[in-house]
Amino acid sequence: MALIFILLYAPIVTLVVLSFNASKTRAKWGGFTLHWYRSLFANTEIMNALYTTLIIALLASAIATVLGTLACIGINSMSKKSRTVFMGITNIPMLNGEIVMGISLMLLFIICRIQLGFGTILMAHITFNVPYVILSVMPKLKQTNKSTYEAALDLGASPLYAFWKVIFPDIMPGVVSGFLLSFTMSLDDFVITYFTKGPGVDTLSTKIYAEVRKGIKPEMYSLSTILFVTVLLLLLLVNVNPSPKEEKEEAKEREATAKKGIRFRITKRVVFRRILPIAMVLVIGGGGIYYGSQNASAGGSQQLIVYNWGEYMDSDVIDIFEEETGIHVVYEEYETNEIMYPKIKSGAISYDLVCPSDYMIQKMIQNDLLQPINFDHIPNASNIGDMYYETSEQFDPGNLYSIPYCWGTVGILYNKKMVTEPIDSWSVLWDTNYRDSILMQDSVRDAFAVALKDLGYSLNSTNIKELTEAKDLLVTQKPLVQAYVVDQVRDKMIGNEAAIGVIYSGEAIYTKRENPDLEYVVPKEGSNVWIDSWCIPKDAQHVENAEKFLNFLCRPDIALKNFEYITYSTPNDAARELIEDDDIRNSEIAFPDEETLARCETFTYLGDDADEVYNQLWREVKSN
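Residues numbered from 1 in each chain as written. Predicted model: local features only at pLDDT ≥ 70, side-chain atom pairs only at ≥ 80, totals over all residues. Heavy atoms only, no water.

## Quick look at the overall build of the protein
Counted only if it meets this: By the criteria applied, helices consist of DSSP H or I runs no shorter than four residues and strands consist of E runs no shorter than two, each listed in order from the N terminus. Burial status follows relative accessibility: with a 1.4 Å probe on protein chains alone, a residue under 20% of its type maximum counts as buried, one over 50% as exposed, and anything between as partly exposed. Two residues qualify as a contact provided that any one of their heavy atoms is within 4.5 Å of a heavy atom in the partner residue. Areas reported as accessible are Shrake-Rupley estimates using a 1.4 Å probe. Residue values count occlusion only from the protein chains shown.
Along the protein, the regular secondary structure elements total 27 helices and 12 strands. Taken over 624 residues, the protein has a buried fraction of 48%. The contacts in the protein between residues at least 6 apart in sequence include a share of 74% that link residues at least 24 apart. In the structure as shown, the protein presents an accessible area of about 30300 Å², 59% of it carried by carbon and sulfur atoms.

This is the structure in structure tokens:
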């Protein structure tokens, strides 16, 4: 039992401890602080996710309970054969995987041209909740005595009156159980919500998932701690039972107060089982509604829907833009280009701005998903250096569809205390001396780029012989790899959990600040130089607002603010001149020299057939 409790609660204890950690990274203890709790209640995104979760759960449960109860009455009045058929149909959603239902509902909404948002999530939750209500209510309905109902009708009661007075009290426990089960299912649902949600709408589950993919913010530790403590307190309060002695004393006091004519008295049982639980629920629900109303009031007739990478813009930048222009920004994040692309292609959500990487921009241009940018409306775009526009020509000929936002290189980050010799080659990633201490990027193009460059090939190779060689090399490397990661390489290297990792240059700047023993290098064989750029999707609804935002982002002071927040290199020459720290302004990591860039390549879109080959070979690597 002790072992079981350790396995159950050790992770929760860890989470609680991290919620008081002054350091932003879990790999380093920075002292005790309450900062993340203060930051949590100031974070409208997280608190609005709580509000949305509660409102959807309550509405979906209430509506599903009514529909499910009505369905039970209808099914119960059918013949035995028909009842069996309909019960089988209602059980299908519970037997199906959630992913099947989520994708099916998403496709239905797209086909019906229903914009994904709050309404689609609510409809989806009602849909999967109804079968659970039927499952709870039907057994109770079968147990009711029909003779009593018929006797009520014979005595002159209307069918509705007889139902409320005779049938409903009998099935009430099933109705309550169905509501509570629906509420629990809706509150905790992720998969169906993920496929049916729109921009600017997040529940706690989707918000936490997004944070996990890009690196959890400490505020989420605080929120999880509060939720755990709240549930624990509710359980304790509801299950508090007074001792027999206390019960006798309470009974005597009730008798005494009754003799005095006092009909109501607050007892310990009332306080612990009723008042405190209800008060806690009201505080949580009221807080969520408050933050939700604050968020709702922020939106006006002017709107802009932005789709960007996680942790890829300072939130203050959005606040400044909204204050200056009165345009409300609905901001949504994604983790990879491959997650972003199908959402844009489906047309289910009309984003006004999106920030893809180089090769994905090329793919979106070829598939007619972007519209040309009117640079006359974006005069600050002239602050972007000419060399970045020249590089962009490789994936956006004529620079018609994109404006560079951030750029950088991919290289090796190594710990000088754990690596004995200087590193200048990709070959170190196959050195058996570093077995189980190597971190690789969990990305098909990045992983193959490393292997292809080590073999002396182009990272845009489509030669099947070269790709097979690269696949075999990655399979050979796999026993040496500690983990295939994305953003997690940052925390692992800061915490000295690995000796070597493949990382993006912007992340390397941050990790070196946190751990001075770390060093970054672009290998001599060459690497990838990437550019993420802003584009306007073809079906954007607020093009004028998108142009205003692009012009705002190209302003030197705003570009500098973003650079200082995300630490990825800025292509804005005017912003670079404003960097006060000479070490950062002249950093070889942030702004590598021409010799380093000369041996680097930009990813290009290789076509659907080549993508399938890469994906198939990557699956073979991961499955070995």
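## Focus on the environment of phenylalanine 183
Here phenylalanine 183 lies in helix 8 (residues 159–188). It is 9.9 Å that separates the C-alpha atoms of phenylalanine 183 and threonine 65, two residues lying 118 residues apart in sequence. Other than its neighbours up to four places away in sequence, phenylalanine 183 contacts Ala57, Leu58 and Ser61.

## Section: a nonpolar patch on the surface
What counts is decided by this rule: The patch calculation keeps residues exceeding 30% relative accessible area without a salt bridge and links them within 9 Å when they carry like charges or within 5 Å when they are nonpolar (Val, Leu, Ile, Met, Phe, Trp, Tyr). Definition used for salt bridges: Asp or Glu carboxyl oxygen within 4 Å of a side-chain nitrogen of Lys or Arg.
Residues Met1, Ile4, Phe5, Leu8, Tyr9, Val13, Val17, Trp29, Phe32 and Leu34 make up a contiguous nonpolar surface patch of roughly 1100 Å² in combined accessible area. Following the sequence through the fold, phenylalanine 32 ends up in the loop between helix 1 (2–18) and helix 2 (35–42).

## A closer look at the packing of aromatic side chains
Condition: Centres within 6.5 Å make a pair out of two Phe, Tyr or Trp rings, where for Trp the six-membered ring is used; the pair is then stacked when the planes are under 30 degrees apart, edge-to-face when over 60, and tilted otherwise.
Enumeration over the complete set of coordinates arrives at 27 aromatic pairs. With centroids separated by 4.3 Å and ring planes inclined at 5°, the aromatic side chains of tyrosine 307 and tyrosine 351 adopt a geometry described as stacked. With a gap of 44 residues between them, tyrosine 307 in strand 1 (residues 303–309) and tyrosine 351 in the loop between helix 15 (337–346) and strand 3 (353–354) connect regions that are remote in the sequence. Neither residue differs from the other here; tyrosine 307 and tyrosine 351 are each classed as buried.

## With respect to the environment of lysine 217
By secondary structure assignment, the location of lysine 217 is in the loop between helix 10 (204–214) and helix 11 (218–238). In this structure the C-alpha to C-alpha distance between lysine 217 and tryptophan 36, which are 181 residues apart in sequence, comes to 9.0 Å.

## Regarding the pairing of strand 1
On a regular strand, each side chain points to the face opposite its neighbour's, so the side chains alternate between the two faces of the sheet. Quick note on the threshold: Note on pairing: two strands pair once DSSP finds at least 2 bridges between them. A right-handed crossover is one whose linking path, passing over the helix from the first strand to the second, runs clockwise when the strands point away from the viewer.
Most of strand 1 is tucked away, with six of its seven residues classed as buried. Note that strand 1 and strand 2 (residues 328–334) share seven bridges and pair parallel. Within strand 2, the residue paired with tryptophan 309 across the bridge is tyrosine 334. At this point the chain moves from strand 1, through helix 14 (residues 315–325), to the parallel strand 2, and the crossover so formed is right-handed. Across two bridges, strand 1 lies against strand 3 in parallel orientation. Note on strand 3: the bridge partner recorded for tyrosine 307 is valine 354.

## Re the packing of helix 19 (residues 464–477) against helix 27 (residues 608–623)
Describing two packed helices takes the angle between their axes plus the distance from one axis to the other. This is how it is decided: Each axis is a line fitted through C-alpha atoms, and for a helix only the stretch in contact is used; angles between axes span 0 to 180 degrees, taken between their N-to-C directions. The cut-offs work like this: below 35 degrees is roughly parallel, past 145 is roughly antiparallel, 65 to 115 is roughly perpendicular, and the gaps in between are oblique. Working rule for handedness: look at the near helix, and if it is turned counterclockwise from the far one by less than a right angle, call the crossing left-handed; if clockwise, right-handed. Each residue gets one of three labels, nonpolar for Ala, Val, Leu, Ile, Met, Phe, Trp, Tyr, Cys and Pro, charged for Asp, Glu, Lys and Arg, and polar for the others, Gly among them.
Across the interface, helix 19 lies against helix 27 with an axial gap of 9 Å and an inter-helix angle of 25°. With respect to their mutual orientation, helix 19 and helix 27 come out roughly parallel. The two elements helix 19 and helix 27 cross, and the hand of that crossing is right-handed. Taking contact as the criterion, the partners of Ile464, Leu467, Thr468, Lys471, Leu474 and Val475 in helix 19 are, on helix 27, Val613, Tyr614, Leu617, Trp618, Glu620 and Val621. Counted by class, the contact of helix 19 with helix 27 contains nine nonpolar, one polar and two charged residues.

## Regarding the pattern of salt bridges
Under the counting rule described, the total for this entry stands at 19 salt bridges. Between lysine 471 and glutamate 620 there is a salt bridge, with its nearest N and O atoms 3.3 Å apart. Taken together, the residues span a long stretch of sequence, with lysine 471 in helix 19 and glutamate 620 in helix 27 at a distance of 149 residues. What makes lysine 471 buried here is its relative accessible area of 13%.

## A closer look at the packing of helix 3 (residues 44–76) against helix 6 (residues 118–143)
Two elements in contact, helix 3 and helix 6, have axes whose closest approach is 6 Å; the angle formed by their N-to-C orientations is 45°. Compared by their axis directions, helix 3 and helix 6 come out oblique. Two packed elements cross with a definite hand, and for helix 3 against helix 6 that hand is right-handed. A breakdown of the residues in the contact of helix 3 with helix 6 according to their chemical character gives 21 nonpolar, eight polar and one charged.

## Overview of the nonpolar core
The line we're drawing: We define the nonpolar core as a collection of buried residues of types Ala, Val, Leu, Ile, Met, Phe, Trp, Tyr and Cys that are connected through side-chain atoms lying within 4.5 Å of one another.
Grouped together as the largest cluster of nonpolar side chains are 127 residues, with contacts concentrated most on Leu429 and Ile500. By size, the runner-up hydrophobic cluster in this structure holds 21 residues, among which are Cys72, Val133, Val137 and Phe163.

## Side note on the sheet that holds strand 3
Reading across the sheet, the three strands line up as 2-1-3 and stay open at both edges, with parallel pairing between neighbours. Each end of this open sheet is capped by a strand with a single partner; those strands are strand 2 and strand 3. Contacts from helix 22 (residues 543–553) reach strand 1 and strand 3 within the one sheet, and its direction differs from that of strand 1 by about 55°.

## Things to note about helix 21 (residues 505–514)
Burial within helix 21 is extensive, with seven of its 10 residues counted as buried. Lining the buried residues of helix 21 we find strand 5 (403–415), helix 20 (488–494), strand 8 (500–504) and strand 9 (518–521).

## Structural notes on the confidence of the model for the protein
Formally: The predictor attaches a confidence to each residue, called pLDDT, with possible values from 0 through 100.
Per-residue pLDDT for the protein averages 85, and the proportion of residues at 70 or more is 88%. Confidence over residues 296–300 falls short of pLDDT 50; this stretch has three contacts with residues more than four positions distant or in other chains.

## Focus: unusual backbone geometry
Most of the time, phi is negative for any residue but glycine, and the peptide bond is trans. Although it is not a glycine, aspartate 368 sits at a positive phi angle of roughly 55°. Here aspartate 368 lies in the loop between helix 16 (358–366) and strand 4 (370–371). Overall, the relative accessible area of 45% leaves aspartate 368 in the partly exposed class. Positive phi, normally seen in glycine, also occurs at asparagine 399, with a value near 50°. Locating asparagine 399 in the fold gives a position in the loop between helix 17 (386–392) and strand 5.

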